[in-house]
Amino acid sequence: HTFRNPHTMAAPFHDGDVTSAITIARTRGTPLLVALMGTDPASQNLTAAWSNSSSPLHGELTGASDALGGVRARTWVALRLEEGSTAALQFTALFPVAAVPAVIAINPATGTRLFEAVGQDATADPARLGEALRACREALQAQTQAARVAALVPPSTAAATSAVNHGGAVGTEATAGDHHSPVPVPASAPDAAAANP
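The rules we used
- Each chain has its residues counted from 1, following the order in which its sequence is written.
- Note on the predicted model: pLDDT of at least 70 is required for a residue's local features to be given, and 80 or more for side-chain atom pairs to be given and counted; whole-chain, interface and lining totals, by contrast, use all residues.
- The basis for the side-chain values is all heavy atoms of the structure; hydrogens and waters are excluded.
- The helix count covers DSSP runs of H or I at least four residues long, the strand count covers runs of E at least two residues long, and both are numbered beginning at the N terminus.
- Burial classification: accessible surface area is computed with a 1.4 Å probe over protein chains only, and a residue below 20% of its type maximum counts as buried, one above 50% as exposed, and the rest as partly exposed.
- It only takes one pair of heavy atoms within 4.5 Å for two residues to be counted as in contact.
- Only the protein chains shown count as cover for residues, with accessible areas throughout obtained via the Shrake-Rupley method and a probe of 1.4 Å.
- Here a strand pair is declared whenever DSSP counts at least two bridges between the two strands.
- Axis geometry follows a simple rule: fit a line to the C-alpha atoms, using only the stretch in contact for helices, then measure angles between N-to-C directions, giving values from 0 to 180 degrees.
- When a carboxyl oxygen of Asp or Glu lies within 4 Å of a side-chain nitrogen of Lys or Arg, that pair is called a salt bridge.
- Note on ring pairs: Phe, Tyr and Trp rings are taken, using the six-membered ring of Trp, and paired if centres are within 6.5 Å. Classes follow the plane angle, with under 30 degrees stacked, over 60 edge-to-face and the rest tilted.
- Exposure above 30% relative accessible area and the lack of any salt bridge qualify a residue for a patch; like charges then connect within 9 Å, and the nonpolar side chains Val, Leu, Ile, Met, Phe, Trp and Tyr within 5 Å.

**Q** Got a sec to walk through the overall build of the protein chain? Specific residues and values, please.
**A** Regarding its fold elements, the protein chain presents eight helices and four strands. Written out in order from the N terminus, the α and β elements of the protein chain read α-β-α-α-β-α-β-β-α-α-α-α. Counting the 197 residues in the protein chain, one finds 28% classified as buried. The long-range fraction of contacts in the protein chain, counting pairs at least 24 apart against all pairs at least 6 apart in sequence, stands at 54%. Looking at the protein chain as shown, the accessible area adds up to about 11900 Å², and 58% of this sits on carbon and sulfur atoms.

In structure tokens form, the structure reads like this:
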């Protein structure tokens, strides 16, 4: 029998290819993380941090726990690519990097690079890297949520809401013979409009 450290588990990486990782990230609405790894000591140290379940880096990628100790849904789709592999060469043709290890966060909906940490110095501190990834994820979530809300509010409703919130009247005055124009409602009497439709 071999003893396994309970804090060490498989690294939280997607088992499929780049295309399936992008599809899953888009479906879930989570950012895509690509880790380009080599055989150098810095890549090996980073691999150990990904794999250690007590590492804040592992926790951020898996959504293992939040600040209050509760369990979250998986927060990233993470993909590990080996330096020199076909997938890594294809990826770096689109997202060039100067060195490995490299950690790149991408918005899967737009294909834009959100964050990158390249080289030994940028990836040496798992806690700092985990915190940077958390901030990146939270910013993308806020941006995505704002876009969803904006998409739900029709432009005419947004203008009406803005006018009412700023004390303005909505609509135009009715003119003789124009039965389709709304009658303005004074901002100080919203209940009067409801009583007299």
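**Q** Describe the sheet that holds strand E1 (residues 32-37), naming the residues involved and giving the relevant values.
**A** Strand order in this open sheet of four strands is E2-E1-E3-E4, and the pairing throughout is mixed. Two strands close off the open sheet at either side, each with one partner strand: strand E2 (77-82) and strand E4 (112-118). Sheet twist, expressed as the average angle between the axes of neighbouring strands with direction ignored, equals 20°. The pairing of E1 with E2 spans six bridges and is parallel. Bridge pairing in E2 links alanine 35 to arginine 80.

**Q** Provide a residue-level description of the environment of alanine 102, including the pertinent values.
**A** Checked against the element boundaries, alanine 102 lands in strand E3 (residues 102-107). What makes alanine 102 buried here is its relative accessible area of 0%.

**Q** Tell me what's going on with the pattern of salt bridges, and back it up with residues and numbers.
**A** Opposite charge on two side chains permits pairing when their charged atoms draw close. Summed over all chains, the structure comprises five salt bridges. Notably, a salt bridge pairs arginine 137 with glutamate 60, separated by 2.5 Å at the nearest N-O pair. Separated by 77 residues along the polypeptide, arginine 137 in helix H6 (residues 126-152) and glutamate 60 in helix H3 (residues 56-62) bring together distant segments of the chain. On the accessibility criterion, glutamate 60 (5% relative accessible area) is buried. With a closest N to O distance of 2.1 Å, arginine 134 and glutamate 131 form a salt bridge. Here arginine 134 and its partner glutamate 131 are both found in helix H6, three residues apart, which amounts to about one turn of the helix. Accessibility expressed as a relative area gives 27% for arginine 134, which makes it partly exposed. On the accessibility criterion, glutamate 131 (40% relative accessible area) is partly exposed.

**Q** Kindly report on the packing of aromatic side chains, identifying the contributing residues and their values.
**A** Per the stated rule, a full pass over the model turns up two aromatic pairs. Ring geometry for phenylalanine 91 against phenylalanine 95: centres 5.0 Å apart, planes inclined by 25°, an arrangement best described as stacked. For the pair formed by phenylalanine 91 and phenylalanine 95, the shared burial category is buried.

**Q** Requested: an account of unusual backbone geometry, with residues and values cited.
**A** Note the cis peptide between valine 100 and proline 101, where omega equals -5°. Tracing the backbone through its elements, the reader meets proline 101 in the loop between helix H4 (86-94) and E3.

**Q** I'd like a description of the pairing of E4, backed by residues and values.
**A** Bridging between E3 and E4 involves six bridges; their strand directions are antiparallel. Within the sheet, the bridge partner assigned to isoleucine 104 lies in E4 and is glutamate 116. From the end of E3 to the start of E4, which pair antiparallel, there are four residues, and glycine 111 there has a positive phi angle of about 80°.

**Q** Give me the lowdown on a nonpolar patch on the surface, citing residues and values where you can.
**A** Taken together, the side chains of Val149, Leu152 and Val153 define a hydrophobic patch exposed on the protein surface, amounting to about 270 Å² of accessible area. Topologically, valine 149 is positioned in helix H6.

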